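An overview of the molecular structure
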Amino acid sequence: MTRPDAYDPFADVYDLWVASAPVTRRNAGFYVEEYLKARGPVVELGVGTGRIAVEAAQRGRAVTGVDGSPRMLERCRERARAAGVEALVTLVEADLRAFTLPEPAALIAIPFHTIGALLTDDDLRACLRQVHGQLAPGGRFVFDHFVFDPALAARSEGVPQLRAEARDAQGRPLLLWKCDRFDHERRHIRIVVWTDAVEPDGRADRRYRFLDLRWIEPDRMRALLDEAGFEVEALHGDFDRRPFEPGASTHQVWVTRALRTF
Ligand SMILES: C[S@@+](CC[C@H](N)C(=O)[O-])C[C@H]1O[C@@H](n2cnc3c(N)ncnc32)[C@H](O)[C@@H]1O
């Protein structure tokens with residue numbers, strides 16, 4: 001089980017991380033569109049630093065963001081304040097497996113692979129139960145995950161990757177690195193992330209961070225959604241809403257609706 005505040009050590013580099021991940025240029029527009037068309041309260045689980053929620057708020061949509069990391073939430077609060085939309089962004093510090101919303105939601109979203117932070121079927125089931133129980137009748141649940149590519153994993157395992165180059169708060173060159181390791185039996189990815197803040201003499205101040213993510217095959221995801229009482233309205237293969245193609249799609253983008261329980 002991962003701790004809900006596992007992202008605390010990432011808060012200072014999270015926006016740099018996002019900027020170096022091409023998928024974030026595609027997923028933000030998709031979610032903002034979903035938030036704007038929802039007919040009632042919108043909730044983002046794993047709101048992070050608010051890159052999607054604050055953009056939706058800037059377009060007039062109130063969003064409740066749930067996250068277990070106090071440091072990510074603090075950055076989200078700062079972002080909402082800086083954008084002048086603090087009144088439209090309500091933040092709840094809670095675990096995705098045990099959160100309570102202020103009111104039933106018309107839409108609950110989990111963007112950007114965050115579903116993978118739920119490392120076991122039991123974790124995922126607990127989250128799906130919370131989502132199902134707190135959606136208003138007819139409410140939708142929308143989320144995405146990547147599709148695990150074994151060939152890509154074999155090529156990249158253990159290979160350090162320079163993700164971004166920036167400056168830290170003291171003006172030093174900052175290098176952001178990452179390296180993945182794979183546990184195929186448990187379907188876990190261990191992501192080692194480190195930063196080097198480079199001094200004028202070339203020596204570096206290095207900091208490590210660790211993250212565990214789980215990959216889930218689309219068929220398994222469908223079975224868990226079915227078991228939790230969700231009806232799948234669409235499975236897209238990317239954020240432009242193209243149909244999911246087994247063996248070709250790099251993403252699984254799920255649009256679901258909670259079936260009523262009687
Ligand atoms: C990849 S970030 C996504 C942030 C934002 N949605 C975005 O798209 O930029 C995942 C977020 O989920 C939160 N998170 C992960 N596991 C969690 C858990 N079990 N409970 C609460 N929050 C969790 C992390 O703290 C982090 O802020």
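Predicted model only: the values in this text are computed from it and were never measured. (Residues numbered from 1 in each chain as written. Predicted model: local features only at pLDDT ≥ 70, side-chain atom pairs only at ≥ 80, totals over all residues. Heavy atoms only, no water.)

1. Thoughts on the site of the ligand
For clarity, the threshold we go by: We call a residue near a molecule or strand whenever a single non-hydrogen atom of that residue lies within 4 Å of it. As used in this structure description, the phrase polar contact means that two N or O atoms lie within 3.5 Å; if the pair is within protein, one of them must be able to donate a hydrogen and the other to accept it, and residues adjacent in sequence are counted only when both atoms belong to side chains. Computed with a 1.4 Å probe, the accessible areas rest on the Shrake-Rupley method; for each residue, only the protein chains presented here act as cover. Any residue that is not Ala, Val, Leu, Ile, Met, Phe, Trp, Tyr, Cys, Pro, Asp, Glu, Lys or Arg is counted as polar, Gly included; the first ten are nonpolar and the last four charged.
Around the ligand, 20 residues are found, and the nearest of them are Tyr 14, Glu 44, Gly 46, Arg 51 and Asp 67. The separation between an oxygen atom of the ligand and a polar side-chain atom of Tyr 14 is 2.8 Å. Within the side chain of Glu 44, an N or O atom sits 2.7 Å from a nitrogen atom of the ligand. Surface burial for the ligand is 97%, taken as the share of its 600 Å² of free accessible area covered by protein chains. Looking at the shell around the ligand residue by residue, the class counts come to ten nonpolar, five polar and five charged.

2. Some thoughts on the sheet that holds strand 7 (residues 173-183)
Put simply, the rule reads: At least two bridges found by DSSP between two strands is the condition for calling them paired. Strands are runs of DSSP state E lasting at least 2 residues, helices are runs of H or I lasting at least 4, and numbering of each runs from the N terminus. Axis definition: a line fitted to C-alpha atoms, limited for helices to the stretch in contact. Angles are taken between N-to-C directions and run from 0 to 180 degrees.
The sheet built from four strands is open, its strands ordered 6-7-8-9 with antiparallel pairing. Here the strands that pair on one side only, and so sit at the sheet edges, are strand 6 (161-167) and strand 9 (204-214). Across the sheet, the mean angle from the axis of one strand to that of its neighbour is 20°, orientation sign disregarded. The pairing of strand 7 with strand 8 (residues 188-198) spans ten bridges and is antiparallel.

3. Looking at the packing of aromatic side chains
In plain terms, the rule: Pairing of aromatic rings covers Phe, Tyr and the six-membered ring of Trp, with a centre-to-centre limit of 6.5 Å; geometry is then stacked below 30 degrees between planes, edge-to-face above 60, and tilted otherwise. The cut-offs for exposure are 20% and 50% of the maximum accessible area for each residue type, with area from a 1.4 Å probe on protein chains only; residues under the lower value are buried, those over the upper are exposed, and the others partly exposed.
Per the stated rule, a full pass over the model turns up 13 aromatic pairs. Between Phe 141 and Phe 230, the aromatic rings sit 5.2 Å apart at their centres with planes inclined by 45°, giving tilted as the arrangement. Of the two residues, Phe 141 sits in strand 5 (residues 135-146) while Phe 230 sits in strand 10 (residues 230-236), which places them 89 residues apart along the sequence. Of the two residues, Phe 141 and Phe 230, neither departs from the other in class, the shared state being buried.

4. With respect to the domain arrangement of the chain
To keep it simple, the criterion reads: Residue ranges assigned to each domain were obtained from an automatic or database domain assignment. We call two residues in contact when some of their heavy atoms are within 4.5 Å. By buried area we mean the combined loss of accessible area, with a 1.4 Å probe, across both parts when two parts are placed together. A pairing counts as a salt bridge when a side-chain nitrogen of Lys or Arg comes within 4 Å of a carboxyl oxygen of Asp or Glu.
When the domains of the chain are assigned, the result is domain 1 (8-147 + 217-258) and domain 2 (150-214). Each of domain 1 and domain 2 has a C-alpha centre, and these two points are 24 Å apart. With 19 residues of domain 1 in contact, the opposing surface of domain 2 contributes 19 residues. Taking both sides of the interface into account, the surface hidden between domain 1 and domain 2 amounts to around 1,600 Å²; carbon and sulfur atoms contribute 64%. On the domain 1 side of the interface with domain 2, the three residues burying the most area are Phe 10, Trp 17 and Leu 119, jointly 38% of the side's total. Across the contact surface, domain 1 and domain 2 share four salt bridges.

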